[in-house]
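# Structural description and commentary
One-letter residues, chain by chain:
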Amino acid sequence: MKVLLTGAGSGIGHELARRLAERGDELVLVVRSADRAADFADATVLEADLADPGSIEALTLPERLDAVVHAAGVVELGPVAELRTDAWQSQLAVNLLAPAILTRLALPALRAAQGTVVIVNSGAGLNANPGWAAYAASKFGLRALADSLRAEESAHGVRVTSVYPGRTATPMQEKVHQQESKEYDAGRWIQASTVVATIVHVLDLSRDATVPDVTLRPS
Ligand SMILES: NC(=O)c1ccc[n+]([C@@H]2O[C@H](COP(=O)([O-])OP(=O)(O)OC[C@H]3O[C@@H](n4cnc5c(N)ncnc54)[C@H](OP(=O)(O)O)[C@@H]3O)[C@@H](O)[C@H]2O)c1
């Protein structure tokens with residue numbers, strides 16, 4: 001399976017790249033600097049800053065892709081009364097605009113392989129809590145992107161899945177705890193490997209079915 005993914009430098013994306021590399025899948029990693037892909041010697045590495053639409057548009061993608069997984073993301077908490085413009089812009093750019101642009105560029109390759117798009121959303125894409133406006137807005141938008149795309153692309157045999165994880169033990173969650181002034185205990189949260197097992201299940205799903213949405217919550 002040839003899989004393009006973002007976010008392979010850290011957290012869920014890193015664990016997914018590790019798992020797919022281990023079983024011999026061919027990886028195309030979109031990272032903002034090549035050193036973030038250093039753990040994956042056999043991967044094709046494409047450099048783009050997902051906050052910069054121009055650098056995504058400049059990418060040359062493969063002609064055939066079995067899957068694209070959007071795992072990169074950023075979070076910046078704060079009440080609407082205080083959230084700076086640049087915090088809104090970076091979250092909307094990386095979490096919403098980048099997956100939209102990258103998906104458009106990848107669609108010919110996905111259609112060629114009747115491939116799968118997996119969009120890593122968030123519980124914040126289903127419920128917006130105080131302090132989470134910008135991140136949740138980007139993830140609500142990401143849900144809309146996935147839902148429209150799914151309806152548009154089914155005729156081309158491209159399947160689209162949104163994965164909505166709850167709090168997952170990654171560097172992002174550690175940062176969220178710092179912003180919330182809470183003590184971080186990785187053992188309390190979903191493990192990245194559990195989210196990855198769900199994504200891999202979606203990627204491996206037999207062609208007679210599709211998983212439109214899957215929600216994971218800490219037990
Ligand atoms: N952790 C959670 O609790 C949780 C819960 C629900 C949903 N999610 C979602 O899950 C996904 C993965 O999150 P994570 O927890 O694994 O976060 P993470 O450990 O912080 O990893 C985020 C990844 O996104 C990449 N990234 C961020 N900005 C980028 C940019 N401008 N250009 C290119 N790459 C960029 C980072 O690149 P570098 O390697 O260069 O830093 C990193 O590899 C995100 O979409 C997040 O919103 C996370």
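Quick summary incoming for the structure in this document. (Residues numbered from 1 in each chain as written. Predicted model: local features only at pLDDT ≥ 70, side-chain atom pairs only at ≥ 80, totals over all residues. Heavy atoms only, no water.)

Once the charged atoms of two side chains with opposite charge are near each other, the side chains can pair. All chains considered together, the criterion is met by 14 salt bridges. Taking the shortest distance from any N to any O, the salt bridge between Glu26 and Lys2 comes out at 3.5 Å. One end of the pair, Glu26, is in strand S2 (residues 26–31); the other, Lys2, is in strand S1 (residues 2–6), with 24 residues separating them in the sequence. Residue classification places Glu26 among the partly exposed positions, given a relative accessible area of 46%. Since its relative accessible area comes to 22%, Lys2 is described here as partly exposed. The shortest N-O distance in the salt bridge between Lys182 and Glu180 comes to 3.7 Å. Through salt bridges with shared partners, a single ionic network connects Arg143, Asp147, Arg150 and Asp213. (Salt bridge = Lys/Arg side-chain N within 4 Å of Asp/Glu carboxyl O. Helix = DSSP H or I, 4+ residues; strand = E, 2+ residues; numbered from the N terminus. Buried < 20%, exposed > 50% of the residue type's maximum accessible area, 1.4 Å probe, protein only.)

Let us look at the site of the ligand. In the vicinity of the ligand lie 29 residues, with Ser10, Arg36, Tyr135, Thr168 and Thr170 positioned nearest. In the environment of the ligand, an oxygen atom lies 3.5 Å from a nitrogen or oxygen atom belonging to the backbone of Gly9. Here an oxygen atom of the ligand sits 3.2 Å away from a polar atom, N or O, in the main chain of Ala72. Given that more than half its atoms are within 2 Å of the pocket grid, the ligand belongs to the largest pocket. Elements that contribute at least two residues to the shell around the ligand include exactly helix H1 (11–22), helix H4 (133–153) and helix H5 (171–179). The dominant element in the shell around the ligand, judged by the number of residues it contributes, is H5, at three residues. Class assignment of the residues belonging to the shell around the ligand gives a composition of 13 nonpolar, eleven polar and five charged. (Near = heavy atom within 4 Å. Polar contact = N/O pair within 3.5 Å; in protein donor to acceptor, adjacent residues only side chain to side chain. 1 Å grid on protein atoms, 1.4 Å probe; cavity = no way out; pocket = protein on both sides within 12 Å on 5 of 7 lines; lining within 4 Å. Sits in = over half its atoms within 2 Å of the grid points. Nonpolar A, V, L, I, M, F, W, Y, C, P; charged D, E, K, R; others polar.)

Roughly 1200 Å³ of internal volume is contained in the largest pocket. As for the largest pocket, its lining consists of 46 residues, and the residues nearest its centre are Ala71, Gly73, Val74, Tyr135 and Met172. Breaking the lining of the largest pocket down by element, the ones donating at least two residues are H1, S2, helix H3 (85–113), H4, strand S6 (159–165), H5 and strand S9 (213–216). Sorting elements by how many residues they give to the lining of the largest pocket places H5 first, with five residues. (Points joined across faces, edges and corners; volume = space filled by probe spheres on them.)

Inspection of the secondary structure assignment puts Thr116 in strand S5 (residues 116–120). Aside from chain neighbours lying at most four places away, what touches Thr116 is Asp66, Ala67, Val68, Leu110, Arg159, Val202 and Leu203. (Contact = heavy atoms within 4.5 Å.)

On to the packing of aromatic side chains. This model, assessed by the stated rule, comprises one aromatic pair. Ring geometry for Trp132 and Tyr135: centres 5.6 Å apart, planes at 65°, overall edge-to-face. Summarising the burial analysis for this pair, Trp132 and Tyr135 share the class buried. Sitting over the face of the ring of Trp189, Arg167 holds its NZ or CZ atom 5.5 Å from the ring centroid. (Phe/Tyr/Trp six-rings, centres within 6.5 Å; stacked < 30°, edge-to-face > 60°. Lys NZ or Arg CZ within 6 Å of the ring centre and 35° of its normal.)

That's the geometry; what it means functionally is another story.
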